[in-house]
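Residues per chain are reported as follows:
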Amino acid sequence: MRRQALLPTLPGLAAPRSRSASTKVAPDNGAVVPLYGPVERRLVSRLALIAGLATLALAVGLLALRATHAERIYPAVYVADVPVGGQTVPDATNLIAARAARLEAQPVTFAHGGQTWTASLSQLGLTVDTAGSAAAAFDVGREPGALERTGTTLGLVRGDEHLPLRMAFDEQALGSWFDKIDRELGAPPHDAYLKVNGTAVSIVPEQDGTVVDRPAATAEIMAGLSQLAGTDGALPTIAKSARVRAGDLAAAQASLTQSLANPVQVTYGNGRWTIPGAVAGGFLDQSVDQTRSGADAVRLSLDQVKLSAYLSDMLGPEINRDPVNAQVGWNGERVVSVVESVDGTRLQADKLAGLVNMSFFGDHKAVEVPVTVTAPEIDSNNLAKLGITTLLGSGSSNYAGSAGGRATNIGVGANLLNGTLVPPHGTFSFNNAIGLINEEKGYVEAQVISGESIGKDIGGGICQVSTTVFRAAYLAGLPITEWWPHRFRIGFYELDGWPLGLDASILQPSDDPSTWGDFKFENPSDKWMLVESWSDGAHVIVNIYGADLGYKVESVGPTVGQKFQMLPDDEEVDAKLEPGTINQTMSAGVGEEVTYYRTVYDRDGNVLWERSFYTKFYPKGNVWEVSPDMAGKSPAEPGRALPPLVSDPPAGPPDVSWSGAGVAEDGVPSFGADTTGDGQSAATDDGSGSAMLAAGNGGAPAA
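Residues numbered from 1 in each chain as written. Predicted model: local features only at pLDDT ≥ 70, side-chain atom pairs only at ≥ 80, totals over all residues. Heavy atoms only, no water.

Draft legend 1. Layout of the packing of aromatic side chains. This structure, assessed with the given rule, holds 15 aromatic pairs. Ring centres 5.3 Å apart and planes at 75° place the aromatic pair Trp-483 and Phe-613 in the edge-to-face group. A residue pair is termed long-range when its members are at least 10 positions apart, and Trp-483 in the loop between strand E29 (480–482) and strand E30 (520–522) and Phe-613 in strand E37 (residues 607–617) qualify at 130 residues. Note on Trp-483: relative accessible area 1%, which makes it buried. Grouped by ring-pair contacts, the aromatic residues Phe-428, Phe-470, Tyr-474, Trp-483, Phe-519, Phe-521, Tyr-596 and Phe-613 constitute a single cluster. (Phe/Tyr/Trp six-rings, centres within 6.5 Å; stacked < 30°, edge-to-face > 60°. Helix = DSSP H or I, 4+ residues; strand = E, 2+ residues; numbered from the N terminus. Buried < 20%, exposed > 50% of the residue type's maximum accessible area, 1.4 Å probe, protein only.)

Printed below as a string of structure tokens:
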């Protein structure tokens, strides 16, 4: 070692029994001598101390610099010729922006043949990223690595750090300026080309000329920009000679003339369309291969983009169609198509344009239109994929004795509901299944409850259908996510042995679905479900089919809670009624609370979900509507004493003998009248209680 060679040798020392890092063996006699003497050790210690103090001073200096410039750019940093050291980023951005504005205003001037062209750098598309430049300056000395940060900071001590301006050029703006200069230099040079007029083809001769030497001109602009200045000098130009001359186009002219003489036929199924040669010629695209010259450089084709758009406009309406799902039903054993599905088709216009191009310049054979075929989601040819194999639940309800309007509406609703499919893990919505309740679908006017009184509206009686779906879903154990019970007990829903409280109302107070009250359930499986429904003039039946879920349903109820005394009689005078009219619009009945509790188990006996279904039926009194001349002549007795509260509601309205008298629910003895859902109680999904569903008058009913 060099240090060892400088140290004196001390002979005569006995060899030590062990050696340490501070000894060595002399090469001549093997004697052990000290590696460092006292003087050397003191020198090394002092040097180490000085180095440590210098390192400490450097570290303290760096920490002080970072502390004083936490939000500022470090000293000695420049962006181009702009000193930004010590500035905040916003202040530095402003300084750079001022310098950028001066640079962007610098002129670029070229002269040629007595002509001069001038534009500012900004007009030629120069932009300066002032914020990015300031951010780059702030990052100096703040690099990710500690050694890199230290090295950069020490470099700032030794000298300035210059960063370039971040700039960008819009090549399109610069190219447009060069195009303008080319035009002003004289007639623009061009190759000879073919001109089509109908089916006639002529040759336009070539033109030689002078154009801007764009790479050279661009290089001069960039050279000036590197000095933060504009450009002023002679315009670089080149003489441009045509690659294709008129004599080179004779063969192409003859070939194109022949192509234009014959149309191109396209076919699809039984359809046939003709593209005349003159029409196809309008899409002619001529290009020149820059690696060749003469006749070999000429390339003729039909513009594929424009031709594709033309073919889309011409054939798209005839060929394009969306897939149509099959309408399905249950034949007693399996799902079958009631109405067959239809595949969707889409014209492949780009591909067709290529085939037309080949035919036009080739043998003019007819072209078969290429299409993309899309199978519908519900495909008649693959109904097995729906996975519908089992009857999951069935519901029924009796509407025998309903007036004609109510019966009509029930039949219309059941027919619209029939065949509804619920996708895997999807939600069934009664309102979505039947759509908007209106006369166009066949609904007619029938009695409904509007607010708290009987009236008439389109679709009265539709809740007979929603009630039946609810029963099927309830018995199938499906998760019910929206359910609105009726405000009053309705006799129809308790026929055929069905207990009170297993009904469901719906509401469509406007054309806006967000205002509707609905009945919904979920499909918890990864297979489809089918809702089948029909009416026979007296009953509605709803079946729900799907994959075998293995559910076991346990239902407790009805549990009857508090009862409420019926209301006093009331008489309402309606000036619109014909003289001599007395109509009973509501029959008296007590109110009461009813609850069901349903638990659904899987095939292994595990609880899947459970909830209560709570209904509060409101009490009502006899209500009579009379014409003005019959005021005070109805059986209404506003002051009469009400009978004691009884366990069961009355069987129906009292008998009346005079002409024009009517009773609730289309004259059918019942416990109440059907409801639109106006003011009905609403059971929450967790069965925790009831809420009021407010609704305006005039909405489509749910009866």
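Draft legend 2. The arrangement of the sheet that holds strand E15 (residues 264–268) in detail. One open sheet accounts for 3 strands, arranged E16-E15-E22; its pairing is mixed. Every interior strand has two partners, whereas the edge strands, strand E16 (271–275) and strand E22 (367–368), have only one. Bridge count between E15 and E16: 5 bridges; the pairing is antiparallel. By the bridge assignment for E16, Thr-267 is matched with Arg-272. Here helix H10 (residues 304–319) sits on the sheet and contacts E15 and E16; the angle it forms with E16, its principal contact strand, is near 165°. (Pairing = 2+ DSSP bridges. Contact = heavy atoms within 4.5 Å. Axes fitted to C-alpha atoms, helices over the stretch in contact; angles between N-to-C directions.)

Draft legend 3. Up close: the packing of H10 against helix H11 (residues 349–360). Taken N-terminus to C-terminus, the directions of H10 and H11 make an angle of 110°; their axes are 8 Å apart at the nearest point. Comparing their axes, H11 and H10 come out roughly perpendicular. Here H10 and H11 pass one another in a crossing that is right-handed. Residues Gln-304, Leu-307, Ser-308, Leu-311, Ser-312 and Leu-315 of H10 form the contact with H11, whose own contacting residues are Ala-349, Asp-350, Leu-352, Ala-353, Gly-354, Val-356 and Asn-357. Of the residues contributing to the contact of H10 with H11, the split by class is 7 nonpolar, 5 polar and 1 charged. (Parallel < 35°, antiparallel > 145°, perpendicular 65-115°, else oblique. Left-handed = near helix turned anticlockwise from the far one by under 90°. Nonpolar A, V, L, I, M, F, W, Y, C, P; charged D, E, K, R; others polar.)

Draft legend 4. Highlighting H11. An ideal rise of 1.5 Å per residue puts 16 Å on 12 residues; H11 measures up with 16 Å between its terminal C-alpha atoms. Taken as a whole, H11 has its buried residues at Ala-349, Leu-352, Ala-353, Val-356, Asn-357, Ser-359 and Phe-360. Buried residues along H11 cover an arc of 165° about the axis, so they all sit on one side. Seen from the open side of H11, the exposed residues pointing more than 90 degrees away from its buried face are Asp-350 and Met-358. (Expected span 1.5 Å × (residues − 1). Arc of directions from axis to C-beta.)

Draft legend 5. Broad picture of unusual backbone geometry. The omega angle of the peptide bond from Gly-557 to Pro-558 is 5°, so this bond is cis rather than trans. Even without being a glycine, Ala-76 presents a positive backbone phi close to 70°. Inspection of the secondary structure puts Ala-76 in the loop between helix H2 (38–68) and strand E3 (77–79). What makes Ala-76 partly exposed here is its relative accessible area of 22%.

Draft legend 6. Highlighting the side chain of Asn-543. If you trace the backbone, Asn-543 turns up in strand E32 (residues 539–546). A polar contact of 3.4 Å, which involves the side chain of Asn-543, links it to the side chain of Tyr-545. Not counting residues up to four positions away in its chain, the partners in contact with Asn-543 are Leu-391, Gly-393, Ser-394, Leu-530, Val-531, Glu-532 and Trp-534. (Polar contact = N/O pair within 3.5 Å; in protein donor to acceptor, adjacent residues only side chain to side chain.)

Draft legend 7. Main features of the nonpolar core. Ranked by size, the top nonpolar core spans 45 residues in total, and within it Leu-417, Phe-428, Phe-430, Phe-470, Phe-519 and Phe-521 carry the most contacts. Residue assignment for this core shows that the elements contributing at least two residues are helix H12 (404–417), helix H13 (430–434), helix H14 (463–476), strand E31 (529–535), E32, strand E36 (591–601) and E37. Among the elements that line this core, the one with the most residues is H14, at 8 residues. Residues within four places of Phe-428 in sequence aside, it is in contact with Leu-417, Thr-420, Val-422, Ala-433, Val-469, Phe-519, Lys-520, Phe-521 and Val-531. (Core = buried A, V, L, I, M, F, W, Y, C linked by side-chain atoms within 4.5 Å.)

Draft legend 8. How the structure looks around the side chain of Asp-182. Along the chain, Asp-182 turns up in helix H6 (residues 171–184). When its relative accessible area of 11% is taken as the criterion, Asp-182 is described as buried. Here Asp-182 is in contact with Val-211, Val-212 and Arg-214, once residues within four sequence places are set aside.

Draft legend 9. Quick peek at the environment of Phe-110. Turning to its location among the elements, Phe-110 is positioned in strand E5 (residues 107–112). Once the C-alpha coordinates of Phe-110 and Thr-231 are considered, the two residues, 121 residues apart in sequence, prove to be 7.8 Å apart. Leaving out residues up to four positions away in the same chain, Phe-110 has contacts with Gln-115, Thr-116, Trp-117, Trp-177, Ala-217, Glu-220, Ile-221, Thr-231, Gly-233, Ala-234, Leu-235 and Pro-236.

Draft legend 10. Local environment of the sheet that holds strand E13 (residues 231–234). Here we have 3 strands laid out as an open sheet, ordered E6-E5-E13, and mixed in their pairing. In the strand order of this sheet, the two ends are held by strand E6 (115–120) and E13, each with one partner. Across the sheet, the mean angle from the axis of one strand to that of its neighbour is 10°, orientation sign disregarded. The pairing of E5 with E13 spans 4 bridges and is classified as parallel. Residue Val-108 lies in a different strand from E13, and its bridge partner there is Thr-231. Of the strands in this sheet, E5 and E6 touch H6, which is tilted by about 165° from E6.

Draft legend 11. Representation of the layout of surface pockets in the model. One number sums up the size of the second largest pocket: a volume of about 230 Å³. Taken together, 15 residues form the lining of the second largest pocket, with Gln-327, Val-328, Val-338, Asn-418 and Gly-419 sitting closest to its centre. Elements represented by at least two residues in the lining of the second largest pocket include exactly strand E19 (327–330), strand E20 (335–339) and E31. By residue number, the principal contributor to the lining of the second largest pocket is E19, which donates 4 residues. (1 Å grid on protein atoms, 1.4 Å probe; cavity = no way out; pocket = protein on both sides within 12 Å on 5 of 7 lines; lining within 4 Å. Points joined across faces, edges and corners; volume = space filled by probe spheres on them.)

Draft legend 12. View of the environment of Gly-501. Within the secondary structure, Gly-501 is located in the loop between E29 and E30. Accessibility expressed as a relative area gives 4% for Gly-501, which makes it buried. Considered as a pair, Gly-501 and Tyr-596 are 95 residues apart in the sequence and their alpha carbons are 8.0 Å apart. The contacts of Gly-501, once residues within four sequence positions are left out, are Trp-483, Val-594, Tyr-596, Thr-615 and Phe-617.

Draft legend 13. How the structure looks around the confidence of the model for the protein chain. The predicted model of the protein chain averages 83 in pLDDT, with 80% of residues at 70 or higher. Residue range residues 1–26 is modelled with pLDDT below 50. Its contacts to residues more than four positions away, or to other chains, number 33 contacts. Note that residues 646–702 has pLDDT below 50 and, in this model, 189 contacts with residues that lie over four places away or in other chains. (pLDDT = per-residue confidence, 0-100.)

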